[in-house]
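# Examining the three-dimensional arrangement
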Amino acid sequence: MFIRPCEGRITSRFSPLRKNPVTGEWKAHKGVDFGSDGSPIIIASEKGTVKRAEVIDGYGNAIILTHIVNGNRYETLYAHLKTITVKPGQIVNQGQQIGVKGSTGNSTGVHLHFELHIPNYAPGQPNAVNPLHYIVDPEVAELQKMFVMIGYQLNVDGIEGPVTEAVIKSFQQSNNLQADGIVGANTLAALNNAVELKKEELRMAESQLTAGQEALRQEAMRLKITNGNDPLKSVNQFYAWAVAVPIAQKVEELEKRLAELEKKM
């Protein structure tokens, strides 16, 4: 599957309507923009063949790669490059450098505009799809793990697909945030807070001992296996103490016998 074509935070997403920063016109944004932060190196999002590597209209310096993945054809487009480091017809591997971020063409600053088309690119972008529905991103996977921890149902696959977007919007609505499906600073802060609250809830639940567990803890304290200050964290710890207690009792008995023998000698 596809990977991120570069470092940098997402500054503009795939959208049916967005105000063009150059022309001021409201129109569809058929790709994803990655900002200038991080490394400026642009890599091939998947193994493929260079179809075009040249100035393409408002894209400025741009590259189009053709890919065959599981028998299906895709094309990726990388725009506004400062420099192009591949040539038409060249085969590139996933992760291989193909260019450097720039601001050529219709651009207001250094960034990468990235598009994904099925099965191929055509003027007017009729075949464009949301790239984030096909990119496996470790950062997205970490966010998914956080949502799962606080009770949401979704696969941790690193793909910001429709299900993940729906979960983000649901979380935003429940926290009185703008439900745009984008994990910005406010949403991330609320998510981190929800995760911490969940962790505390789990810690509280773990610290509630049954009568049998409390008896075991008291016996462990008497035999100095624990001083009682460290709370029992898991069932595994109870098992460990359940084994340790009888062993400690045997040792205690042996020590008493040795002491008695020493007195008799």
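Here's what I pulled together on the structure shown here. (Residues numbered from 1 in each chain as written. Predicted model: local features only at pLDDT ≥ 70, side-chain atom pairs only at ≥ 80, totals over all residues. Heavy atoms only, no water.)

### Considering the packing of aromatic side chains
Quick note on the threshold: Between rings of Phe, Tyr and Trp, where Trp is taken as its six-membered ring, a pair exists when centres lie within 6.5 Å; planes separated by under 30 degrees are stacked, by over 60 edge-to-face, and by other angles tilted. Note on conventions: DSSP H or I runs of at least 4 residues are helices, E runs of at least 2 residues are strands, and numbering of each starts at the N terminus. With a 1.4 Å probe rolled over the protein chains alone, any residue whose accessible area is under 20% of its type maximum counts as buried; one over 50% counts as exposed, and the rest are partly exposed.
With the rule as written, the count across this model stands at six aromatic pairs. Measuring from centroid to centroid gives 6.3 Å for Tyr-74 and Tyr-134, while their planes differ by 65°, and the two rings are edge-to-face. Note that Tyr-74 is positioned in strand S9 (residues 72-79) and Tyr-134 in the loop between strand S14 (128-129) and strand S15 (135-136), a separation of 60 residues in sequence. Look at Tyr-74 and you get buried, because its relative accessible area is 10%. Under the relative-accessibility criterion, Tyr-134 is labelled partly exposed at 22%. Ring geometry for Phe-147 and Tyr-152: centres 5.7 Å apart, planes at 90°, overall edge-to-face.

### Structural notes on helix H1 (residues 138-149)
Residue pairs three or four apart in sequence face the same way in an α-helix, which turns once every 3.6 residues. Inclusion rule: Here the expected span of a helix is defined as 1.5 Å times the quantity of residues minus one.
End to end, H1 covers 17 Å across twelve residues, agreeing with the expected 16 Å (1.5 Å per residue, within 8%). Along H1, the positions that sit buried rather than exposed are Val-140, Ala-141, Leu-143, Gln-144, Met-146 and Phe-147. One or two residues past the end of H1 sits Gly-151, with phi positive at roughly 110°.

### What to know about the nonpolar core
Using the following cut-off: We define a nonpolar core as any set of buried Ala, Val, Leu, Ile, Met, Phe, Trp, Tyr and Cys residues linked to one another through side-chain atoms lying within 4.5 Å. We call two residues in contact whenever any of their non-hydrogen atoms come within 4.5 Å of each other.
Of all hydrophobic cores here, the largest spans 22 residues; its most connected members are Val-50, Ile-63, Leu-65, Tyr-78, Val-92, Ile-98 and Leu-112. Those elements that place two or more of their residues in this core are strand S5 (32-34), strand S7 (48-55), strand S8 (61-69), S9 and strand S13 (112-117). Discounting chain neighbours no more than four positions away, the residues touching Leu-65 are Ala-44, Thr-49, Val-50, Lys-51, Tyr-74, Glu-75, Thr-76, Tyr-78, Val-92 and Ile-98. Ranked by size, the runner-up nonpolar core spans twelve residues in total, among them Met-146, Phe-147, Val-167 and Ala-190.

### Some thoughts on the environment of Ile-182
Note that Ile-182 resides in the loop between helix H2 (162-174) and helix H3 (185-206). Judged by its relative accessible area of 33%, Ile-182 falls in the partly exposed class. Separated by 169 residues in sequence, Ile-182 and Arg-13 have C-alpha atoms that sit 9.0 Å apart. If we ignore the near neighbours within four places in the chain, the residues touching Ile-182 are Arg-13, Ile-168, Gln-172 and Thr-187.

### Comments concerning the pairing of S13
Within a regular beta strand, the side chains point alternately toward one face of the sheet and then the other, so they alternate between its two faces. Note the threshold: When DSSP finds two or more bridges between two strands, those strands count as paired.
Counting buried positions over the six residues of S13 gives six, a clear majority of the element. Of the two faces of S13, both are covered, the one formed by Leu-112, Phe-114 and Leu-116 as well as the one formed by His-113, Glu-115 and His-117. In this sheet, S13 lies alongside S5 in antiparallel orientation, the contact comprising three bridges. Paired with Phe-34 across the strands is Leu-112, a residue of S13. Bridge count for S9 against S13 is five bridges, and the pairing is antiparallel. Looking at S13, one finds that Leu-77 is bridged to Glu-115. Bridge analysis of S13 against S14 gives two bridges, and the strand direction is antiparallel. By the bridge assignment, His-117 is partnered in S14 with Ala-128.

### Remarks on the sheet that holds strand S12 (residues 97-101)
Filter applied, for reference: Angles run from 0 to 180 degrees between N-to-C directions of axes, and those axes are lines fitted to C-alpha atoms, restricted for helices to the stretch in contact.
Spatially, the three strands line up as an open sheet ordered S6-S12-S10, and their pairing is antiparallel. The sheet is open, and its two borders are formed by strand S6 (41-43) and strand S10 (81-84), each paired with just one other strand. Averaged over all pairs of adjacent strands, the angle between strand axes in this sheet comes to 35°, irrespective of strand direction. The sheet contact formed by S6 and S12 spans three bridges and is antiparallel. Among the inter-strand pairings, Ile-41 is bridged to a residue of S12, identified as Val-100.

### Thoughts on the pairing of S9
The element S9 is extensively covered by neighbouring structure, given that six of its eight residues are classed as buried. The hairpin formed by S8 and S9 contains two residues between the paired strands, and Asn-70 there has a positive phi angle of roughly 55°.

### Quick look at H2
The condition is simple: Relevant arc is that of directions from the helix axis to the C-beta atoms, nothing else.
Under the 1.5 Å per step criterion, the end-to-end length of H2 is 18 Å for 13 residues, consistent within 8% with the ideal 18 Å. Three or more residues of H2 are buried, namely Thr-164, Val-167, Ile-168, Phe-171 and Gln-172. Considered in projection along H2, the buried side chains sweep an arc of 135° and stay on one side of the axis. Set apart from the buried face of H2 by more than 90 degrees, the exposed residues are Pro-162, Val-163, Gln-173 and Ser-174. Asn-176 occupies a position one or two residues after H2 and carries a positive phi of about 55°.

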